[in-house]
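Chain residues, written in single-letter form:
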Amino acid sequence: MSPRTAFVLPVVTTAAALVAMTGCTSTETSGSDGSKVELVKSGKLTTCTHLPYEPFQSRQDNKIVGFDVDLVDLVAKELKVTQEIVDTPFEGIQTGEDLNARKCDVAAAGMTITPVREENLDFSDPYFEATQALVTKKGAGYDSLASLKGKKLGVQQGTTGEEYAKKNGKDVETVQFEDLALLLTAVKTGQVDAAVNDNGVLFEYVRKNPDTEVTAEFETGEKYGVGVRTGNDALRAEINKVIKAAQSDGRYDAIYKKWFPAAPKN
Ligand code: ARG
């Protein structure tokens, strides 16, 4: 058990006591089948995310937009509330801490479903497939972790990419960055020789930054899920229902095409 567990528990207890005291009437909304979905803020579906992670979530003209934003909007619509997004470090999202502290109802952050995370939060059904990839300045000549021996490889803190790089990069010096923007700027400026992150965000970046390229993909077989507090089955069921419906009625494809115009959907 991590030391964090001890820290989280009192928060949960306090929140639970609060819920018991208030009866939580103002924060309940009806799920589509009449079941009660409890929300941290009345009339809102509050989403924790970590910016920027384009095209899943990024700020454009003072608005937060992206694939995940559109997907969660469908859930909010189903619950007859509006989505409100909180930008917060990825660490608190992936450890379940933010959800437990009632900072948000859902976590939508291009977040990979992993067994460790599943111990700390619950995931919706998978909604997107991803794999790790390597980005460099164009022509740098690094196309594998082996080629980066003795070199600097940028990773994003707390991500599956960091884990992959540390596990598989022998004699590669990993350099940790707090968010994707800092990581990619470090590649561009030569502060690191290459960086590892999810393929979707890296392909989007190289499309907009032709002086960079994706030189390798590592078949990690990841799947993104929307996170909810452990045991929040009412909300998780709503999310799953919406994902399933959207995938069969064309709404998912429309969102996919909007954010991945160049990629054929497989
Ligand atoms: N898919 C990776 C993971 O779950 C990276 C996610 C980073 N997301 C973000 N919004 N910063 O570890």
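Everything numeric in this text was worked out from a predicted model, so none of it was measured.

K.L.:
Break down empty space enclosed by the protein for me, citing the residues and quoting the values.
P.N.:
One pass over the structure, following the stated rule, counts three cavities of 30 Å³ or more. Computed from the structure, the largest cavity encloses a volume of approximately 100 Å³. Considering the residues around the largest cavity, the lining is formed by His-50, Tyr-53, Gln-57, Phe-90, Ala-109, Gly-110, Thr-112, Arg-117, Gln-156, Thr-159, Thr-160 and Asp-198. Residues of the lining of the largest cavity, tallied by class, amount to three nonpolar, seven polar and two charged.

K.L.:
Break down the site of the ligand for me, with residues and values.
P.N.:
Residues in close proximity to the ligand total 14 residues, the closest being Ala-109, Gly-110, Arg-117, Thr-160 and Asp-198. For the ligand, a nitrogen atom lies 2.7 Å from a polar atom in the backbone of Ala-109. At 3.0 Å from a nitrogen atom of the ligand is found a side-chain nitrogen or oxygen belonging to Gln-156. In the complex, the protein chains occlude 100% of the 350 Å² of accessible area that the ligand would expose alone.

K.L.:
Break down the packing of aromatic side chains for me, citing the residues and quoting the values.
P.N.:
Taken as a whole and judged by the stated rule, the model has 17 aromatic pairs. A centroid spacing of 6.1 Å and a plane angle of 65 degrees characterise the contact between Phe-67 and Phe-260, whose relative ring orientation is edge-to-face. Pair noted here: Phe-67 is in helix α2 (residues 67-78) and Phe-260 is in the segment after α10 (251-259), with a separation of 193 residues, a long-range link. Each member of the pair, Phe-67 together with Phe-260, is buried. Taken together, the ring pairs in this structure connect Tyr-53, Phe-56, Phe-67, Tyr-127, Phe-128, Tyr-224, Tyr-252, Tyr-256 and Phe-260 into an aromatic cluster.

K.L.:
Residues and numbers for the nonpolar core, please.
P.N.:
If you look at the biggest cluster of nonpolar residues, it comprises 48 residues, and the most contacted ones within it are Leu-45, Phe-67 and Phe-128. It is α2 that contributes the most residues to this core, six residues altogether. Apart from residues no more than four positions distant in its own chain, Phe-67 is found in contact with Pro-55, Phe-56, Tyr-127, Phe-128, Tyr-252, Ile-255, Tyr-256, Trp-259 and Phe-260. Core analysis: the next-biggest nonpolar cluster, separate from the first, contains 12 residues, Leu-134, Ala-165, Val-196 and Phe-218 among them.

Here is what the cut-offs are and how they apply
- Residues numbered from 1 in each chain as written.
- Predicted model: local features only at pLDDT ≥ 70, side-chain atom pairs only at ≥ 80, totals over all residues.
- Heavy atoms only, no water.
- 1 Å grid on protein atoms, 1.4 Å probe; cavity = no way out; pocket = protein on both sides within 12 Å on 5 of 7 lines; lining within 4 Å.
- Points joined across faces, edges and corners; volume = space filled by probe spheres on them.
- Nonpolar A, V, L, I, M, F, W, Y, C, P; charged D, E, K, R; others polar.
- Near = heavy atom within 4 Å.
- Polar contact = N/O pair within 3.5 Å; in protein donor to acceptor, adjacent residues only side chain to side chain.
- Areas by Shrake-Rupley, 256 points an atom, 1.4 Å probe, with all protein chains shown as cover.
- Phe/Tyr/Trp six-rings, centres within 6.5 Å; stacked < 30°, edge-to-face > 60°.
- Helix = DSSP H or I, 4+ residues; strand = E, 2+ residues; numbered from the N terminus.
- Buried < 20%, exposed > 50% of the residue type's maximum accessible area, 1.4 Å probe, protein only.
- Core = buried A, V, L, I, M, F, W, Y, C linked by side-chain atoms within 4.5 Å.
- Contact = heavy atoms within 4.5 Å.

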